[in-house]
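Structural description and commentary
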Amino acid sequence: MKPRATASRDDTPAGVIAELPRRQFREVSAGEAALSQMRLVTFDASRWTALRRLLNWLVLAASFALGTALDWLTGRDSLGRRAQRLRRAFERRDAPFIKLGMHLAARIDFLPWAYCNELARLSDQTAPFALPAALAAVERATRQPIQATFSDFDPQPILSSAVACSYQAILRSGEKVIVKVRRPGIGPQFMADILAFNWLLSLAEALTMFRPGFTKGLRNDFEAQLLEELDFVQEARRQDAFRRAAGQSRKGYFSAPAVRLDLSNEEVVVNEFAGGLWLWELLAAVEQGHEPVLAQARAMNIDPKTVARRLLWVKDWAWDENLFFPSDPQPNTIIVGPDSTLYFINFTNTGALNRTKRQAMRQILAYARQRDAQNMARAALTLMEPLPPIDLLELTLELESYNWQLIYALEAAPTSLAWQERTSAALWTGIMRLARKHGVVIDLQVLRLLRATLLFETMAARLHPKIDFVRQYWKFSADRAEQARRRVTDTVLALQEGKADELVVMRLDRIATVLDGFFLRTRHMLSLPAVNFNVLTSKWSYAFYTLLHLAGTALIAIVAAGLVVTVNLWLSGRPAMNVYDLIAYLLGQPLFQALLLLLLLLHGRTVLFRMDDREPGETR
């Protein structure tokens, strides 16, 4: 339609001011849809179930204490026997107890090394649950009958753990896959165990068996780890991300099975089948000289020494460069395929370091290469932050002594040492022992790095006793530097050929390289670790505050008990006491005296915990 000319004033030229065609808006309601929320896996915990589980925890603690007391009376008590008794106590319980015991094995900052070693021997092997429940879960994930998705489904699981059962199956397309199904009801059961475990440790803190607040981080970490194991969606995403990152690393010798995200959900994960030898089979064959398995490995072009070097490369790549690292790389979760290709199949638990702690790890390895034990210790302090008010010089010297053990092992002839001494165990053992000694709470991600590092290095050393993890890291570092050089070269060539301008990318790469070298040389920054200022309250101020808290608690107890006595007198028809007679009566009662004595003991031990801390500038 031709626009009609209009004029707002008499002197406006006709045809200049005119209406133009415009789109007419539709009358559509914006609706009331809420914003989508992030996924958060959680389960309800029954308090009655948690109470029953707490009784199981108390029985476990009582049996352990009784056995230890009998050993002490008979003169047979030792740290090794106590550690074995604790492991057997967990083994006699059900699967959730075993799973919690396995997580407890990683808390070297909480338990002595001997206990952690014993608990690490716990095996997560559980009887499978009923097949119909597994099939029903798979049908919910695929949204169609089993026969429409699979041509074959093996009813016997190849792996049955406390969390899930894994089955072999063949899709209608002919692709062989592994189907992992979460145990029915395991979520609420785990949450009840976590609640009971929280109650138990809170009771231990209330009885001053531990420093008040000491177990809070431990309890939170346990809950986060168990929920992480139950979140199959996140596990599938991490496995898919690891596989894509491995492909982008320009190394073709490690990966993860592809996940069928269209067939997976929160309780089922379907991924491709990876064929080859289990790493535990190769380890056993190398250590025992089992020729049939070694012959099979040679037929698949699997070289144990090559596998060892690749394990360390993946370990360094995962924490140094990748978004996350596998925190529990067990030999039964790694498959060695043809040409020594590594397939990682367990992403239930992963860890990630922030930039500061990654830089600290790089410095530790840089100084280990230079055989500089003191600066290794200064860099290790960053992994222990935040620190309580302690003598940093003394702590550094103590760490340095452990570092010298590691350096001596690296300098010694490989044939003169056991393979365990060719790992970084001396470094990590020192950090954990000193953390317990000085009351330092280690970050969960550092603990996960510790566990992953020792597992990777242990497997590599068992396959190749002469391997040097420090030298392997610098080979990795040189390789990544070469990759960066190639990226810059490719960018320059692209610019010369007139392709897309990537000058910004080149500059950013150069800046990152310069900054990395700069941070590597700022050793003085790492000699000033962060401090936890929450514990900097004066000792005597803290003691005075605790005394006031004791007086208030005692007053509340007197008032509550006085009300009970007064009501009892009133119900029995006897006259009420005056305040002074009532207080004297209560103080004369043995039960009330025991209560006051218990309050005095608990508050006194709390003060002693604080008095044992070292003030800044205080010497001993």
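A brief structural summary.

1. Side note on a nonpolar patch on the surface
A surface patch of nonpolar side chains, amounting to about 460 Å² of accessible area, comprises Leu55, Leu58, Leu203, Leu207 and Met209. Within the secondary structure, methionine 209 sits in the loop between helix H7 (186-206) and helix H8 (216-230).

2. A look at the packing of aromatic side chains
Summed over the entire model, instances satisfying the criterion amount to 22 aromatic pairs. Judged by centre distance (5.4 Å) and plane angle (35°), the rings of phenylalanine 153 and tyrosine 167 are tilted. With phenylalanine 153 in strand E1 (residues 150-153) and tyrosine 167 in strand E3 (residues 164-171), the pair connects residues that are 14 residues apart, well separated along the chain. The same class applies to phenylalanine 153 and to tyrosine 167, which are both buried. Here tyrosine 473 and phenylalanine 476 contribute two aromatic rings whose centre-to-centre distance is 5.8 Å and whose plane-to-plane angle is 40°, an arrangement assigned as tilted. Note that tyrosine 473 and phenylalanine 476 are positioned in helix H18 (residues 469-496) at a spacing of 3 residues, about one turn of the helix. With respect to class, tyrosine 473 is no different from phenylalanine 476; both count as buried. Between arginine 182 and the ring centre of phenylalanine 232, over which it is positioned, the NZ or CZ distance is 5.9 Å.

3. Thoughts on the sheet that holds strand E9 (residues 334-337)
What the 4 strands build is an open sheet, ordered E5-E10-E9-E7; its pairing is mixed. Both edges of this open sheet fall to strand E5 (254-255) and strand E7 (277-278), since each of them pairs with a single strand only. Note: E5 against strand E10 (residues 341-344), 2 bridges, orientation parallel. In the strand pairing of E10, serine 255 is matched with tyrosine 343. Where helix H12 (residues 304-320) meets the sheet, it contacts E5, E9 and E10, and its direction lies at approximately 45° from that of E10.

4. Some remarks on empty space enclosed by the protein
Once rolled over the atoms, a probe with the size of a water molecule shows which space is left empty. Per the counting criterion, the structure on display carries 5 cavities of 30 Å³ or more. As a volume, the largest cavity reaches approximately 90 Å³. Elements that contribute at least two residues to the lining of the largest cavity include exactly H12, helix H13 (355-369), helix H16 (425-438) and helix H17 (444-463). No other element matches the 4 residues that H13 contributes to the lining of the largest cavity.

5. Quick look at the nonpolar core
Counting residues in each nonpolar core, the largest one holds 82 residues, and the members touching the most others are Phe254, Leu279 and Met384. Take this core: its biggest share by element is 10 residues, from H17. Ignoring any residue separated from it by four or fewer positions in sequence, one finds leucine 279 in contact with Val307, Leu311, Pro331, Ile334, Val336, Met459 and Leu463. The next biggest cluster of nonpolar side chains, apart from the first, holds 39 residues, and it includes Phe43, Ala89, Phe197 and Val259.

6. Looking at helix H10 (residues 279-288)
Where H10 is concerned, the buried positions are Leu279, Leu282, Leu283 and Ala285. Projected down its long axis, H10 shows its buried positions confined to an angular sector of 165°, all on one face. In this fold, the buried residues of H10 make contact with E7, helix H11 (291-299), H12, E9 and H17. Of the residues one or two after H10, glycine 289 is the one with positive phi, at around 65°.

7. A short note on the environment of alanine 164
Take alanine 164: it is sitting in strand E3. Note: C-alpha distance between alanine 164 and proline 128 (36 residues apart in sequence) is 8.3 Å.

8. Description of the side chain of arginine 87
Mapped onto the secondary structure, arginine 87 falls in helix H2 (residues 79-91). Those residues in contact with arginine 87 that lie beyond four places of it in its chain are Glu118, Leu119, Arg121 and Leu122.

9. Describing a positive patch on the surface
A contiguous patch of positive charge on the surface is contributed by Lys305, Arg309, Lys466 and Lys475. Among the secondary structure elements, lysine 475 is positioned in helix H18. The partly exposed category is assigned to lysine 475, whose relative accessible area is 49%.

10. A word on the packing of helix H1 (residues 47-74) against H2
Between H1 and H2, the shortest axis-to-axis distance is 10 Å and the interhelical angle comes to 150°. It follows that H1 is roughly antiparallel to H2 by the angle criterion. When you trace H1 past H2, the crossing you get is right-handed. When H1 is examined against H2, the residues Trp57, Leu60, Ser63, Phe64, Gly67, Thr68 and Asp71 are found in contact with a partner set consisting of Arg81, Arg82, Arg85, Leu86, Ala89 and Phe90.

11. Quick notes on the pattern of salt bridges
Opposite charge on two side chains lets them pair, provided their charged atoms get close. Taken as a whole, this structure holds 24 salt bridges when the rule is applied. The shortest N-O distance in the salt bridge between glutamate 228 and arginine 238 comes to 3.8 Å. One end of the pair, glutamate 228, is in helix H8; the other, arginine 238, is in helix H9 (residues 232-248), with 10 residues separating them in the sequence. By relative accessible area, glutamate 228 is classed as buried at 15%. For arginine 238, a relative accessible area of 12% puts it in the buried group. Close ionic contact of aspartate 262 with arginine 260 constitutes a salt bridge, the shortest N to O distance being 2.9 Å. Ionic contacts of the salt-bridge type, sharing partners, join the residues Asp71, Arg76, Arg81 and Arg85 into one network.

About the cut-offs
Residues numbered from 1 in each chain as written. Predicted model: local features only at pLDDT ≥ 70, side-chain atom pairs only at ≥ 80, totals over all residues. Heavy atoms only, no water. Patch = residues over 30% accessible without salt bridge, like charges linked within 9 Å, V, L, I, M, F, W, Y side chains within 5 Å. Areas by Shrake-Rupley, 256 points an atom, 1.4 Å probe, with all protein chains shown as cover. Salt bridge = Lys/Arg side-chain N within 4 Å of Asp/Glu carboxyl O. Helix = DSSP H or I, 4+ residues; strand = E, 2+ residues; numbered from the N terminus. Phe/Tyr/Trp six-rings, centres within 6.5 Å; stacked < 30°, edge-to-face > 60°. Buried < 20%, exposed > 50% of the residue type's maximum accessible area, 1.4 Å probe, protein only. Lys NZ or Arg CZ within 6 Å of the ring centre and 35° of its normal. Pairing = 2+ DSSP bridges. Contact = heavy atoms within 4.5 Å. Axes fitted to C-alpha atoms, helices over the stretch in contact; angles between N-to-C directions. 1 Å grid on protein atoms, 1.4 Å probe; cavity = no way out; pocket = protein on both sides within 12 Å on 5 of 7 lines; lining within 4 Å. Points joined across faces, edges and corners; volume = space filled by probe spheres on them. Core = buried A, V, L, I, M, F, W, Y, C linked by side-chain atoms within 4.5 Å. Arc of directions from axis to C-beta. Lys, Arg positive; Asp, Glu negative; His and termini not counted. Charge placed at Lys NZ, Arg CZ, Asp CG, Glu CD. Parallel < 35°, antiparallel > 145°, perpendicular 65-115°, else oblique. Left-handed = near helix turned anticlockwise from the far one by under 90°.

So far we have only geometry, and geometry alone does not tell us how the molecule works.
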